[in-house]
Amino acid sequence: MKENATIWISGTMHNIFSIGQILTELNFRILNVVTWEKSNPPPNFSCRFFTHSTEQIIWARKSDKVPHYYNYELMKQLNGGKQMKDVWKLPAIAPWEKSCGKHPTQKPLSVLTRIILASTKPNAWILDPFAGSSTTGIAANLANRRYLGIDMEKEFLNISKNRKLEIENKITAAKYKEKINGFNNKKELELFLLDEPKEEYGNELIL
Ligand SMILES: C[S@@+](CC[C@H](N)C(=O)[O-])C[C@H]1O[C@@H](n2cnc3c(N)ncnc32)[C@H](O)[C@@H]1O
């Protein structure tokens, strides 16, 4: 990671505490712990617990001395003019996001798009070493950022490749940008991207 890079790590109650502990031991500075509240969580079939409806995402920076990037104004705009909170109410993955095959823990583009827009500039390199179906990469490329993904399963690399080929079609890419949740209207993401400076080479991000 570059000195000004930040890292986002998602988890559940089963592992998020140990990840926080490890980050602290490695001298990372935790910036936020975002709670993604799924607006449509799957039911709990055992009926012995509360329905699991959240995932936690830790946002941390590598260096205590080098400032991180945060697009405060855009986040405020997406939250109706009020400061964006660390609780994000966004729906679970939609069927259109699985057009190239199913990954068992695929994340919605809405969550990754918000992460990327909040913490990177155009053209930034984004690494996801546990890429799965490369939701990170699709969100990154749709938002004019660069992506490197790693996964140990060939099947998932194939899904990633097909998703990438799919968005090389400009009409499909435009359609997906309109469908991503978390924006005030269908055109907001595209209009924001058109307005971003083109030659920026921003900070790196690791997921
Ligand atoms: C939680 S999934 C990521 C899902 C992804 N965010 C998406 O939206 O599709 C984690 C991925 O990490 C991969 N993985 C686990 N351990 C790995 C390792 N040591 N090296 C490379 N990939 C690994 C798994 O194959 C799995 O696809």
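Small disclaimer: the values here were computed from a predicted structure and weren't measured.

## Some words on the site of the ligand
In the vicinity of the ligand lie 13 residues, with Phe 130, Gly 132, Ser 133, Thr 135 and Met 152 positioned nearest. Considered class by class, the residues forming the shell around the ligand number four nonpolar, six polar and three charged.

## Structural notes on unusual backbone geometry
Look at Asn 27: it is not a glycine, yet its phi comes out positive at around 65°. On the secondary structure map, Asn 27 appears in the loop between α1 (16-25) and β2 (29-38). Look at Cys 47: it is not a glycine, yet its phi comes out positive at around 60°. Along the chain, Cys 47 turns up in the loop between β2 and β3 (54-61). According to the C-beta neighbour criterion, Cys 47 is exposed, with 7 such atoms within 10 Å.

## A look at the packing of helix α4 (residues 135-142) against helix α5 (residues 154-167)
Direction vectors running N to C along α4 and α5 enclose 20°, while the axes themselves pass 10 Å from each other. Comparing their axes, α5 and α4 come out roughly parallel. As for how α4 packs across α5, the hand of that crossing is right-handed. Counted together, Gly 137, Ile 138, Asn 141 and Leu 142 of α4 and Ser 160, Arg 163, Lys 164 and Ile 167 of α5 form the full contact between these two elements.

## What to know about the environment of Trp 88
Locating Trp 88 in the fold gives a position in strand β4 (residues 87-90). With 22 C-beta atoms counted inside 10 Å, the residue Trp 88 sits in the buried group. With 53 residues separating them along the chain, Trp 88 and Thr 35 place their C-alpha atoms 6.2 Å apart. Residue contacts for Trp 88: discarding those within four places in its chain leaves Val 34, Trp 36, Glu 37 and Arg 114.

The rules behind the values
- Sequence positions are assigned chain by chain, starting from 1 and proceeding in written order.
- Two thresholds apply to this predicted model, a pLDDT of at least 70 for residue-level local features and 80 or more for giving and counting side-chain atom pairs, whereas whole-chain, interface and lining totals are computed over all residues.
- To decide nearness, the C-beta atom of each residue is placed from the backbone, and the residue is near a molecule or strand if that atom lies within 6 Å of it.
- Under this grouping Gly is polar, as are all residues other than the nonpolar Ala, Val, Leu, Ile, Met, Phe, Trp, Tyr, Cys and Pro and the charged Asp, Glu, Lys and Arg.
- The way it works is that DSSP assigns letters per residue, a run of H or I at least four long becomes a helix, a run of E at least two long becomes a strand, and they are numbered from the N terminus.
- Burial in this document is a count-based property: other C-beta atoms within 10 Å of a residue's C-beta are tallied, and the residue is buried at 20 or more, exposed at 12 or fewer, or partly exposed in between, with C-beta positions derived from the backbone.
- An axis is simply a line fitted to the C-alpha atoms; with a helix, the fit covers only the stretch in contact. Between two such axes, the angle follows the N-to-C directions and lies from 0 to 180 degrees.
- Small angles under 35 degrees read as roughly parallel and large ones over 145 as roughly antiparallel, with 65 to 115 read as roughly perpendicular and the rest as oblique.
- Crossings are classed by handedness, with left-handed meaning an anticlockwise turn of the near helix from the far one by less than a right angle and right-handed meaning a clockwise turn.
- Note on contacts: each residue gets a C-beta atom placed from the backbone, and two residues are in contact if those atoms are within 7 Å.

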